[in-house]
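Spelled out, the chains give:
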Amino acid sequence: MIYRRAGISFTRYQDERQLWKLPTDRWAVIVIFALLLVAPFLVDRLFVVGYLLPLIIWSMAAMGLNLLMGGAGQIHLGYGAVIGIGAYASVHAMRAGLPFELAMIVGGLASAVIGVVFGAAALRVKGLYLAMATLAMQYIVDFVIVQVPAISGGTQAALSVPRTSFLGIAIQGDRAPYYVALALCAVLTLFMLNVRRTSFGRALAAVREKDYAASIIGVDPFRYKLLAFWVSSFIGGMTGAVLAVCYYRTISPDQFHLDLSIQLVAMVIVGGLGSVLGGFLGVGLILFAPIVLNQLIGLAADQFGVAIPTDLRAHLPLMLYGGLIMGFLLLEPLGLAKIYSNIRNYLLVWPFRHARQ
Amino acid sequence: MSLTRRNILTGAAVAALASQLPVRVALAQGGDKVVRIAMPMDFTKVYTFVTAEYNQGQRDYITMMNQRGGMGGYTIAIDISDHANDQPRAIEAYERAKSQGAVLVDPLSTPVARALTPRALEDKINMVTAFSGRSDAADGTVFPYVFPLSPNYWTQAGLLIEYFKQQDGGSLDGKTICFVHIDTPFGKEPLPVLEALAAKEGFKLQAFPYTPPGNDQSAIWPQVRRARPDWTMFWGAGVGQTVALTEAARNGLDMGRVCSSVWLSESDMDVVGRDQTVGVLKFEPCVSGREPQVIQEILTEVVGAGKGAGPEDKVGTAYYNYGVMLAALMLEGVRRAAEIAPDGPVNGEWLNAGLHSITEFTAEGLIPPTTITPEDHQGGGMGRVARWNGEAFEPMTDWFSANQDVVWEEVRKYSSEFAKSGQ
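Residues numbered from 1 in each chain as written. Chains lettered and ligands numbered in written order. Predicted model: local features only at pLDDT ≥ 70, side-chain atom pairs only at ≥ 80, totals over all residues. Heavy atoms only, no water.

Notes on the overall build of chain B
Looking only at helices and strands, chain B has 15 helices and twelve strands in total. Expected size for 423 residues packed as a compact globule is a radius of gyration near 22 Å; at 23 Å, chain B falls within 12% of this value. The dimensions of chain B, computed from C-alpha atoms along their principal axes, are 85 × 50 × 45 Å. The buried share of chain B, taken over its 423 residues, is 61%. Considering only residue pairs separated by 6 or more positions, chain B has 70% of its internal contacts joining residues 24 or more positions apart. (Helix = DSSP H or I, 4+ residues; strand = E, 2+ residues; numbered from the N terminus. Rg over C-alpha atoms; globule rule 2.2 N^0.38 Å. Buried < 20%, exposed > 50% of the residue type's maximum accessible area, 1.4 Å probe, protein only. Contact = heavy atoms within 4.5 Å.)

Structure (structure tokens):
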């Protein structure tokens, strides 16, 4: 009815090979992208700089981590450090006079090289042990950044990002950073959607399911595990550069602590492992639920005269936030993407209950 | 209504337009005689009770001044929110404050203040970074919109060293001073000033970093004891402070020779034990206790009238008084701004002019005479040393300032570095 299709059946190969197979999905993507494009002119600037911009940048990070966790099945508890390496490397490169476009790649390469060194642990250990190895990476990187004044920027430990431009557009004001991040995010999203349709993506999936089974069918786990860490860390490093230039404008070590890593893992898991859409949904929930809940509680306290003490008023949103995450995961352990997919499957054949697949 | 594609699209468009309503409504509220101050602070993560007490003091003072008719005819409207020391949340809060027309932001968090600095400078919104943020923001020529309004950590360290020198008969030559600090940028901050002073005064400086957040410092303090320090400074915040004090007491250090920065309060003493810590010293930026006239006035006019912002027993504690101190300085800035330009328009530049003309302000004896100039945003860097006597902090010295030459050398070194980076 809504999708004008009862079940999915194709008569031509090119239909089946499209990125979004149903016209309705294609339209939805076009409409959402068009709305994102005109958003700075449509909604208040607060929503652009305070919500959409972080949503876009964190989604890039979540997609990078999702390639590793959902795509290749390798857990990473130090992704915040990977982003930090990219941010510091690119900002130092820009301060040395490199343009942003190149500095971003420098950041990506720095993250990829260091990420692969620690990712090499994945060749020997799995699961919880790999979690510990990547956690060690987080602490080592934190330590190095804080202890080396040449990296952190002296006693103030705040490194300001020089004014820069991207493909001739000066990154300043409210709109330019948003469009730069949006463009890069769009490119990354297309890459992530396509990567699992490539031999690389399928090899990662094979490694994810069972590494020695993958090696029996001719997929080299050594190579693909390292490649997964390389690609994912490269994306993380690029995201770090975007984060520093478009959003933070001053970087300090505490921006890339374990909190960020845990936050990203939560985003990927709540959103849905291996799902690109899930990354966006997870970021939306984890990043903004505390802010929105905080404002709702504040509004309730102010408007309806609900007298709650300050400390409870500050902690109540956190309690609700925790409950929300538990609720979503109880409702659907496969994440928000699966909830979306359930709704979509229902609407696909509505008003009927089942259809031929 | 049938569920067609057109309806869904129309709905989405309406929802997108409706989403910006709350901000517009907030903007429309309030007359033109309102000065908006935003206080996004960390109530839940790291600073917790420090923020609660500090913010309580601020709100009580602002309530009192509003009751008296505001500052120069302007009412003060404050917006408090929790940023949990999380930078995306803090940036969102800052941008919301900016959209709502706030002219001053007080984030009370070092990482947040450091991250917001370029935005505040660009947007010309005054940012108060009391006991937090960049120490080099004391240099108003480079940071015209960032106001520490309080002695920075370099000043505090310099002043404490001067106190040690006075106590030891005018010379620290050959003495050992241990500096126990949390191993973060904040904890390491005083090191360059201490090193410069060690070279100048001839004392031996030994630094002992502990890993954040400082719940376990048992490995550090026996080493401190073995170093046989003449003086010990411990530099941290929150839980690290009480753990440090407990360990200092356990290792038998002479409490009269152990000293902290501003971050020590009655609440910390309750945790460690009021009697175990008698003699410990701290840097005091303002009078503590309920004796100051302004605290007495708050007690009768606000707390007595049932309008207090928090528990009454916190009134007059160290951090509560810091809050009153900073609120008084901010509102003095508003009063001065209203004097300079009575009809506004109220914006960041308007308040900036007011803050820059604060002269010899003492908040009825609560704080040392403070003068803010376009060059000096620290306000002179005066403070005093106070001693815990088991019940309260009693002053050991008068207001004084020391080693400002070394401090300003450091301030200019970093502020010129910041200026060079092209912000």
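After presenting the structure, the write-up continues.
Let's talk about the overall build of chain A
Per the secondary structure count, chain A includes 15 helices and four strands. Relative to its length of 357 residues, chain A is compact, with a C-alpha radius of gyration of 22 Å against a globular reference of 21 Å. Seen along its three principal axes, the alpha-carbon backbone of chain A occupies a region of about 65 × 65 × 45 Å. In chain A, buried positions account for 50% of the 357 residues. Sequence separation of 24 or more characterises 75% of the internal contacts of chain A that already satisfy a separation of 6 or more. Accessible surface for chain A amounts to roughly 16400 Å². Of this, 69% is attributable to carbon and sulfur atoms. A distance of 11 Å separates the average location of the 25 positive side-chain charges in chain A from that of its 15 negative side-chain charges. (Areas by Shrake-Rupley, 256 points an atom, 1.4 Å probe, with all protein chains shown as cover. Lys, Arg positive; Asp, Glu negative; His and termini not counted. Charge placed at Lys NZ, Arg CZ, Asp CG, Glu CD.)

Thoughts on the UniProt feature "transmembrane region" (unreviewed entry) in chain A
Residue and element names in this part refer to chain A. What UniProt calls "transmembrane region" (unreviewed entry) maps, in this numbering, to residues 27-43, 49-69, 76-96, 102-123, 176-195, 227-248, 260-293 and 318-337. Counted over residues 49-69, helix gives 100% and strand 0%. Its end C-alpha atoms are 29 Å apart. Taken end to end, residues 176-195 comprises 100% helix and 0% strand; its first and last C-alpha atoms sit 28 Å apart. (UniProt positions renumbered as here; feature names shortened; annotations may be inferred.)

Section: a nonpolar patch on the surface
Together, A:Leu98, A:Leu102, A:Ile105, A:Val106, A:Leu109, A:Val113, A:Ile114, A:Val117 and A:Trp230 line one region of the surface with nonpolar side chains, adding up to about 710 Å² of accessible area. Within the fold, A:Val117 resides in helix α5 (residues 100-119). (Patch = residues over 30% accessible without salt bridge, like charges linked within 9 Å, V, L, I, M, F, W, Y side chains within 5 Å. Salt bridge = Lys/Arg side-chain N within 4 Å of Asp/Glu carboxyl O.)

Some words on the packing of α5(A) against helix α6 (residues 127-147) of chain A
Helices that pack against each other are described as a pair by the angle of their axes relative to one another and the distance between those axes. Residues and elements named next belong to chain A. Running from amino to carboxyl end, α5 crosses α6 at an angle of 140 degrees, the nearest separation of the two axes being 9 Å. Judged by the angle between their axes, α5 and α6 are oblique. Note on packing geometry: the crossing formed by α5 with α6 is right-handed. Contacts between α5 and α6 pair Ile114, Gly115 and Phe118 from the former with Ala133, Met137 and Ile140 from the latter. Class assignment for the residues of the contact of α5 with α6 results in five nonpolar, one polar and no charged. (Axes fitted to C-alpha atoms, helices over the stretch in contact; angles between N-to-C directions. Parallel < 35°, antiparallel > 145°, perpendicular 65-115°, else oblique. Left-handed = near helix turned anticlockwise from the far one by under 90°. Nonpolar A, V, L, I, M, F, W, Y, C, P; charged D, E, K, R; others polar.)

Details of the side chain of B:Glu162
Along the chain, the position of B:Glu162 falls in helix α6 (residues 153-167). Beyond its immediate stretch of four places on either side in the chain, B:Glu162 contacts B:Phe400, B:Ala402 and B:Asn403.

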